[in-house]
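Spelled out from the first residue to the last, the chains are:
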Amino acid sequence: MYVADYDVLVLITLASAILLLTSLIGMTGTILNSRPILAVYAILLWPALISILAIGYTSYKRYAFSLDRKLNLAWSQWYTPFGRLIIQDSLRCCGYYSPLHEATASARCYARSMLPGCKGKLLSFERNNLGLVWATAFALVPMHIINIFVSLLCANHVTRTFGKGILPKQYRLSRADLQANAERIMGKFRDGGVVRPALSRAPLSGGFRDDKESISPVYRHPSVLRPGLVKTGRRSRG
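- The name an unreviewed UniProt entry gives the protein chain is Tetraspanin, with Hermanssonia centrifuga as the organism.
- Per its UniProt entry, the protein chain bears the Subcellular location (unreviewed entry) comment "Membrane".

1. Looking at the packing of aromatic side chains
- Evaluated as defined, the whole model comprises six aromatic pairs.
- Here the aromatic rings of Tyr63 and Trp134 are separated by 6.0 Å at their centres, their planes lie at 50 degrees, and the arrangement is tilted. Taken together, the positions of Tyr63 in helix H2 (residues 35–64) and Trp134 in helix H5 (residues 119–157) put the pair 71 residues apart, joining distant regions of the chain.
- On the accessibility criterion, Tyr63 (33% relative accessible area) is partly exposed.
- Judged by its relative accessible area of 23%, Trp134 falls in the partly exposed class.
- Taken together, Tyr60, Tyr63, Trp134 and Phe138 form an aromatic cluster joined through their ring pairs.

2. Re the confidence of the model for the protein chain
- The pLDDT averaged across the protein chain works out to 79; a share of 75% of its residues lies at or above 70.
- Segment residues 232–238 is flagged for pLDDT under 50; beyond a separation of four residues in sequence, or across chains, it makes zero contacts in the model.

3. Section: unusual backbone geometry
- Although it is not a glycine, Arg92 sits at a positive phi angle of roughly 55 degrees.
- Residue position: Arg92 is located in the loop between helix H4 (81–91) and H5.

4. A closer look at the UniProt feature "transmembrane region" (unreviewed entry) in the protein chain
- In this structure's numbering, the residues bearing the UniProt feature "transmembrane region" (unreviewed entry) are residues 6–26, 38–60 and 132–155.
- End C-alpha to end C-alpha, residues 6–26 measures 30 Å, and it is 100% helix and 0% strand.
- Across residues 38–60 one finds 100% helix and 0% strand; the C-alpha atoms that close the span lie 33 Å apart.

5. Description of the environment of Pro47
- By the secondary structure assignment, Pro47 is in helix H2.
- On the basis of relative accessibility, which here comes to 37%, the residue Pro47 falls in the partly exposed class.
- Distance from Pro47 to Ala15, taken between C-alpha atoms, is 8.7 Å for residues 32 residues apart in sequence.

6. Considerations on the environment of Arg35
- Locating Arg35 in the fold gives a position in helix H2.
- Sequence separation of Arg35 and Asn156 is 121 residues, and the distance between their C-alpha atoms is 7.1 Å.

7. Details of the nonpolar core
- Leu67, Leu71, Trp75, Tyr79, Ile87, Leu91 and Leu122 are the most contacted members of the largest nonpolar core, which has 15 residues in total.
- Of all elements in the fold, only helix H3 (67–78), H4 and H5 reach the threshold of two or more residues within this core.
- Apart from residues lying up to four places away in sequence, Trp75 is in contact with Arg84, Ile87, Gln88, Gly95, Tyr96, His101, Glu102, Cys118 and Leu122.
- Judged by nonpolar contacts, the second largest core, of 12 residues, contains Tyr41, Leu45, Ala137 and Ile148.

8. Here we look at helix H1 (residues 6–32)
- Over its 27 residues, H1 extends 39 Å from the first C-alpha to the last, a length consistent with the 39 Å expected when each residue adds 1.5 Å.
- Every buried residue of H1 is listed here: Val8, Ala15, Thr22, Ile25, Gly26 and Gly29.
- Once H1 ends, the next one or two residues include Asn33, with phi positive near 55 degrees.

9. Digging into the packing of H1 against H2
- Running from amino to carboxyl end, H1 crosses H2 at an angle of 160 degrees, the nearest separation of the two axes being 9 Å. One way to sum up the angle between H1 and H2 is to call them roughly antiparallel. Remark: the crossing between H1 and H2 carries left-handed chirality.
- For the contact of H1 with H2, the residue count by class is 19 nonpolar, seven polar and two charged.

Basis of the calculations
Residues numbered from 1 in each chain as written. Predicted model: local features only at pLDDT ≥ 70, side-chain atom pairs only at ≥ 80, totals over all residues. Heavy atoms only, no water. UniProt positions renumbered as here; feature names shortened; annotations may be inferred. Phe/Tyr/Trp six-rings, centres within 6.5 Å; stacked < 30°, edge-to-face > 60°. Helix = DSSP H or I, 4+ residues; strand = E, 2+ residues; numbered from the N terminus. Buried < 20%, exposed > 50% of the residue type's maximum accessible area, 1.4 Å probe, protein only. pLDDT = per-residue confidence, 0-100. Contact = heavy atoms within 4.5 Å. Core = buried A, V, L, I, M, F, W, Y, C linked by side-chain atoms within 4.5 Å. Expected span 1.5 Å × (residues − 1). Axes fitted to C-alpha atoms, helices over the stretch in contact; angles between N-to-C directions. Parallel < 35°, antiparallel > 145°, perpendicular 65-115°, else oblique. Left-handed = near helix turned anticlockwise from the far one by under 90°. Nonpolar A, V, L, I, M, F, W, Y, C, P; charged D, E, K, R; others polar.

Here is the structure:
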């Protein structure tokens, strides 16, 4: 792929770098609950989408339209002798149509070599490789678009309490738990386990009445309580 699809390999590398940077920014914004960082993450998702589409478009265009003619032109004009040697050693072939057609001489490839030409093997390799590349790229596009919408929602609605106060999964009640609790309660009603309380009357004693007025002690002058105990301050004259 380094020789035959060098441009696609460069696009894949650039897209991987953009996606890696975007994912790091997104995780940072999620951990810090930061709207500005999530907004930057939502913006960077668009260049990442363009890079994925560029990979898919380039590989599909090469795969679907005259791939054999493109390989013929590339072998004769674009590939260097070292690039042809890499293809010959990797695919175990010699020359393009035959060892006598634009072959790079090596220990395995020479004029009377029994190795076949590289056209058939190279064409099969390119079809499989390019087909895998464009199918993978276009398969990622719908998920990436969903990710863009989710990032926009998070950038608009994430606050300091985002993701806080959520009940852990192990403590959540499932439908089976609710049904088991309902059956347990209904079983108590069927077995008579729930006893109806008897009617009770309020006590007749006034000491237990809540509406009884509280009598607070009144401190009065001793003359009021016992008038005879108070002596006047005058002395009788004899």
